[in-house]
Amino acid sequence: MTAGTVMAGVNAFGSEASSASEKDNAIGPEAVPIQLTINGVLKEVSVEPRETLADTLRDHLHLTGTKVACNRGSCSSCTVLLDGVPVNSCMISALDAVGRDVSTIESLASNGELHPLQQAFIDHDASQCGFCTPGMLMSCAHLLQTNPHPTFEEVKRAISGNLCRCGTHPHIFKAVLEVADKQKRK
Amino acid sequence: MDMQRVERALEKLKRAVGIGMKRITMPHGIPGHSLTQVEREAPQEEPPAWPINDELSVVGKSVKRLDAHAKVTGSAKYTSDIRLPGMLFGKMLCSHHPHAKVISVDTTAAARHPGVAAVHLFGMTDSKDDRGQGEFPEITFAGQPIAGVAAQSLQIAEEAVKLIRVEYQKLPFVVDLEEAQKKSAPVAFHINVEEKFSDRGVKINGNRYGPWYGKQKGDVKRGFADADLVVERTYKTQVQHHCCLETHGVVVDYRDDGVTVYASTQSTKNVRDGFARTFGLPANRVRVICEFMGGGFGSKQQLGRTAVMAGYLSKKSGRPVSLMLDRKEEFLSAGNRSNSIQRLKIGARKDGTLTAVELHSRGTAGVGRSAGVGNVARSLYPCANFYSEHYTVLTNAGPAKPFRAPGNVQGAFPVEQLMDELAERLGLDPLVLRDRCDRSEIRRLERLRGAEKFGWSRRKVAGASSGTVKKGLGMAQATWPKMLNLDSTVEVLLFKDGGIEVRSGVQDIGTGTKTVLAQVVAEELGLQPEEITVRIGDTLFPDGPTSEGSKVTGSITPAARNAAYKVKRQLFEQVANTLGTEASELAAAEGRIFSKKEPSKKIAFQEALRMMKNTQIGATATRSENYEGKPVSEDLGSVQFAEVSVDTETGIVNVERIVTANSCGRPINIAQIESQIEGAVIQGVSYALYENRVMDAATGHQMNTNLHQYQLPFSMEIPEIEIILIESYDAATSTDAVGIGEPPIIATAPAIANAVYNAIGVRIYELPITPDKVLKALNKI
Ligand code: FES
Ligand code: FES
């Protein structure tokens, strides 16, 4: 290659999406059709084996409430419940979610009624930019489900993997404790 | 541009002679402390002054965020969530070398890769003639984007960029601030000072670029000679990354009849103007949309290379292209807070009078040009003799960008620690020393109220705490100017069917701008914020301010109030007859319009809308200059108190409690202000103890480009934060509001450092205060 030579490939500019025959040449394993149970509904999707559950939710099912911030298991923005347990959906392959129940932030409110935690987050101004909020809420929802009357320490621990760069923590603590307190009084 | 200047000059002239102006009486000062009424000259078309918040109905209350529902349900669409029909995903190839010349690039295989629709190389335009000719841009840091592809899926795009072959000629590099200043250091890269910078006397010498001088005063030599005590120390601050949870990125939909850019940006108008310039389009052909943004903190103010790349990829492919940086790219190229080495020398008399202040600072912004450390000492402690000199050092690392209170955060660390040291050596309480040399009335009050809430009187002499885990108390203070952006316009529309709408191009960085606008307009119209629809973050609407310098609230709310006032008077004109009164007699409150003289003459606001002649009426208003008189009474001070515990066996510092006293102008939304302050304090704690970019000198690579190796605070590291808000009125605008996102981060790190000293009796001069530094200071390692 000589100095200044560049690419023949620019011809591809403006070409339409690849045709079926081109697809046959694609590197890597083919996309496979799978069924996923998302928020109680069975969904058919075709995913490549390398795809994460987070990407499948966001790109194929357009459930973009689940956020991806690190794509590497270190911020919990992408938290969903898998069979009721919080997981980082960026660290799970979509194929591994087959046959299991996936709940995303989109299912937290039911029949148009907000989950008490969602309401408490609103009441306590617990989101600033809001990007960490879905993941925070999923972690907190799981906490209250398994431990309806958590202590302050337990609330802190429940979201100790959820990164919030805006620093909403004090308001989140208050929101969760308020919901727990109301549940106690009931 | 020139026309604008002429108009402004004319405006000033008119003001000077009072044309188009009226006199109004306004509240001024601090309620419960110094509140008075003052006379001001305000533009004729602006509304009468509001009383203080106590007498208002929705302004100054903790109104819930209008968009909170969208955020908690996951329905809020951020740029990274935009999915358009036919949309492609983009990926960039970034340099692995910190400094190199690109000899050639072969994109053949990438372009042929199935599913790839477009390839673009930086340094080329998209016209055919440019192909393969000309120079490629010099590679100046590892992580600099070179080329990009757009493909059907992100996975395919990622495969394709790996197929691009680049031939480099490697060049010597330097990434360390101190190394880069040595005579033997390689030149990081060449800049043409003459061509690019008009600063007189600023030179480039090796990698050192400068000097810049602060506003010099008096004669420091004489000042030091006059001092009873002179203390001189060197301090270091690290590089901090913004770490916005949503990375930088855009979706560009380039069409012949116009371009739509969805951008995660702090300035819809900057992105529009930058994009239009780059692509040779008229600005009105570029529409920029940013409804939700996952954090910016200063790093998202300009167009950026990512948007340019996505623009070319979309133009070439004829399809919308989403291009979001991944986390590693975000660390490498999206910005950071510059680091610094600061040598600070202060002289004082026995009574605490400062006789001279001298500061020599160096910092690197990587390939960026501005690594300043502010002018903290000069703005906090007026002193007759002052000298400062700064050099920005060029290195082969990603560019610094503005980051929450840029400069002042770095600059406060030395000043506030040295003041603490001075106080101790003069035998004065740190608060007393500040009472003597800080003239700000508002900070005096903040010190007083803060100390009381914090329990400052519990503080013992340094190192007095017994046991292995030692407690310490410390304080520090900060200043930040009230800045504004006059290019801030709002339109308020009333619809016959009941809708009330506010429109502005301004974006919401997460501070709650939508809600603040709704509150101000609701107050003016006598309605509730929920009744107002707020549409922002779209350049189809009038331009709003850039989210920078804590300018938004102070710039946009007067425009909003003035527009609401204008449209309200139009509505009054339309209903006055029906009510059998004059429009000038009417007022709006509690959802009604009524006659001030005969309150029985009234009509529901909604009913009045139904009586409108047209389907809609609207009014637009722009931020005017601050009212006459001294533009602002006080800087936006913040005084902070920190309580820490230091484990002398592990070296771990734990911040237990922060009390922060802040002036906040006329607060519009208390809950949102508290959120801002807490966020700033938490970022300050993080700056003090955790965050640090680690560069490998041998390879020129950053070693911690992810969110677990780059240390950040999570819930377990969050201290108890108590806030004191000091409401104060400047009588400067129709709302007297100010933004406070930045001031409360500045004092946090030095307050913690002073508390650490108070705990262990040894000072740490370098950030972040990690366990190894503590143990070293204690002579344990
Ligand atoms: S995005 Fe999954 S953990 Fe960060
Ligand atoms: S609210 Fe912005 S990251 Fe949590």
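What counts and what doesn't
Residues numbered from 1 in each chain as written. Chains lettered and ligands numbered in written order. Predicted model: local features only at pLDDT ≥ 70, side-chain atom pairs only at ≥ 80, totals over all residues. Heavy atoms only, no water. Helix = DSSP H or I, 4+ residues; strand = E, 2+ residues; numbered from the N terminus. Buried < 20%, exposed > 50% of the residue type's maximum accessible area, 1.4 Å probe, protein only. Contact = heavy atoms within 4.5 Å. Areas by Shrake-Rupley, 256 points an atom, 1.4 Å probe, with all protein chains shown as cover. Axes fitted to C-alpha atoms, helices over the stretch in contact; angles between N-to-C directions. Parallel < 35°, antiparallel > 145°, perpendicular 65-115°, else oblique. Left-handed = near helix turned anticlockwise from the far one by under 90°. Pairing = 2+ DSSP bridges. Core = buried A, V, L, I, M, F, W, Y, C linked by side-chain atoms within 4.5 Å. pLDDT = per-residue confidence, 0-100. Expected span 1.5 Å × (residues − 1). Bend = angle between axes of the 7 residues up to and from the residue. Buried area = accessible area lost by both parts, 1.4 Å probe. Salt bridge = Lys/Arg side-chain N within 4 Å of Asp/Glu carboxyl O. Nonpolar A, V, L, I, M, F, W, Y, C, P; charged D, E, K, R; others polar. Lys, Arg positive; Asp, Glu negative; His and termini not counted. Polar contact = N/O pair within 3.5 Å; in protein donor to acceptor, adjacent residues only side chain to side chain.

## Here's the deal with the overall build of chain A
For chain A, the helix and strand inventory stands at 6 helices and 5 strands. Along the chain direction, N to C, the helices and strands of chain A fall in the order α-β-β-α-β-β-β-α-α-α-α. When burial is assessed residue by residue, chain A has 52% of its 186 residues classed as buried. When contacts within chain A are restricted to residue pairs at least 6 apart in sequence, long-range pairs at least 24 apart make up 54% of them. Accessible surface computed for chain A: about 8,000 Å², of which carbon and sulfur atoms make up 51%.

## Comments concerning the packing of helix 13 (residues 430-437) of chain B against helix 14 (residues 441-454) of chain B
Residue and element names in this part refer to chain B. Relative orientation of the contacting elements helix 13 and helix 14 amounts to 165 degrees, with a least axis distance of 10 Å. With respect to helix 14, the axis of helix 13 lies roughly antiparallel. The element helix 13 and its partner helix 14 pack so that their crossing is left-handed. For the pair formed by helix 13 and helix 14, the contact residues are L431, R434 and D435 on the first element and R444, R447 and A451 on the second.

## Some details on the pairing of strand 25 (residues 616-622) of chain B
Residues and elements named next belong to chain B. Side chains I617, A619 and A621 project from strand 25 onto a buried face, and the interleaved Q616, G618, T620 and T622 project onto a face without burial. Looking at chain direction, strand 19 (residues 489-495) and strand 25 are connected through 7 bridges and run antiparallel. When the bridges of strand 25 are listed, T489 appears paired with T622.

## Comments concerning the nonpolar core
Among the nonpolar cores identified, the biggest contains 119 residues, and F121 and V176 of chain A together with L354, M419, L422, L689 and I752 of chain B are the most heavily contacted of them. Other than its neighbours up to four places away in sequence, L354 of chain B contacts I346, G347, A348, Y381, C383, M419, L422 and C437 of chain B. Counting 47 residues, the second largest nonpolar core, distinct from the first, contains L525, A559, L586 and A588 of chain B.

## Section: the confidence of the model for chain A
Of the residues in chain A, 84% have a pLDDT of 70 or more, and the chain-wide mean is 87. In the predicted structure, residues 1-27 of chain A sits below a pLDDT of 50 and forms 53 contacts with residues beyond four places in sequence or in another chain.

## Examining helix 16 (residues 552-579) of chain B
Residues and elements named next belong to chain B. With 28 residues, helix 16 should reach 40 Å at 1.5 Å per residue; the first-to-last C-alpha distance of 39 Å fits that figure. At E573, helix 16 shows its largest bend, some 35 degrees. Of all the 28 residues making up helix 16, 21 are buried; the element is thus mostly covered by neighbouring parts of the structure. At the C-terminal side of helix 16, G580 shows a positive phi close to 70 degrees.

## Brief notes about the interface of chain A and chain B
If you look at the interface, chain A gives 69 residues, while chain B gives 76 residues. Between chain A and chain B, the buried area comes to about 6,000 Å², and carbon and sulfur atoms account for 57% of it. Scanning the region where chain A abuts chain B turns up 7 salt bridges. If you list the elements that add at least two residues to the side of chain A that touches chain B, you get helix 2 (53-60), helix 3 (116-123), helix 4 (133-146), helix 5 (152-158) and helix 6 (169-185) of chain A. Among the residues making up the side of chain A that touches chain B, the classes are represented as 28 nonpolar, 25 polar and 16 charged.

## Focus: the pattern of salt bridges
Residues and elements named next belong to chain B. Per the counting criterion, the structure on display carries 50 salt bridges over all chains. Between E41 and R23 there is a salt bridge, and its shortest N-O distance comes to 3.2 Å. Here R23 lies in strand 1 (residues 21-28) and E41 lies in strand 2 (residues 36-43), a separation of 18 residues in the sequence.

## What to know about the packing of helix 6 of chain A against helix 18 (residues 670-689) of chain B
Their axes nearest at 8 Å, the elements helix 6 of chain A and helix 18 of chain B cross at an angle of 120 degrees. Between helix 6 of chain A and helix 18 of chain B, the angle falls in the class oblique. Contact residues: helix 6 of chain A offers H169, P170 and H171 of chain A, while helix 18 of chain B offers A671, E674, S675, E678 and I682 of chain B. The residue inventory of the contact of helix 6 of chain A with helix 18 of chain B, partitioned by class, reads 3 nonpolar, 3 polar and 2 charged.

## Let's talk about the side chain of R404 of chain B
Residue and element names in this part refer to chain B. Relative to the helices and strands, R404 is located in the loop between strand 17 (386-393) and helix 12 (408-426). Summary of buried charges: R404 has no salt-bridge partner, and the nearest side chain of opposite charge, E742, is 7.0 Å away. Of the polar contacts made by the side chain of R404, one reaches the backbone oxygen of Q676; its length is 3.3 Å. There is a polar contact of 3.1 Å between the side chain of R404 and the side chain of Q683.

## Focus: the sheet that holds strand 30 (residues 720-726) of chain B
Adjacent strands of a sheet form backbone hydrogen bonds with each other and so pair up, either parallel or antiparallel. All names here are of chain B. Taken in spatial order, the 4 strands of this open sheet run 18-26-27-30, and their pairing is mixed. Strand pairing shows two members of the sheet lacking a second neighbour, strand 18 (469-478) and strand 30, which therefore form its edges. Taking each pair of neighbouring strands and ignoring which way they run, the sheet shows an average axis angle of 10 degrees. Here strand 27 (residues 653-663) runs beside strand 30; their pairing, made up of 7 bridges, is parallel. Residue V659 lies in a different strand from strand 30, and its bridge partner there is E722. The sheet contacts of helix 18 involve strand 26 (638-647), strand 27 and strand 30, and relative to strand 30 the element is tilted by about 130 degrees.

## Observations concerning the environment of K91 of chain B
Residues and elements named next belong to chain B. Tracing the backbone through its elements, the reader meets K91 in strand 3 (residues 88-94). Its relative accessible area of 9% is what places K91 among the buried residues. Along the primary structure K91 and A283 are separated by 192 residues, whereas in three dimensions their C-alpha atoms are 26 Å apart. Residues in contact with K91, not counting those within four places in the same chain, are A147, G148, V149, L154, A157, E158, V161, L323, D326 and E329. Polar side-chain contacts of K91 include one of 2.9 Å to the side chain of D326.

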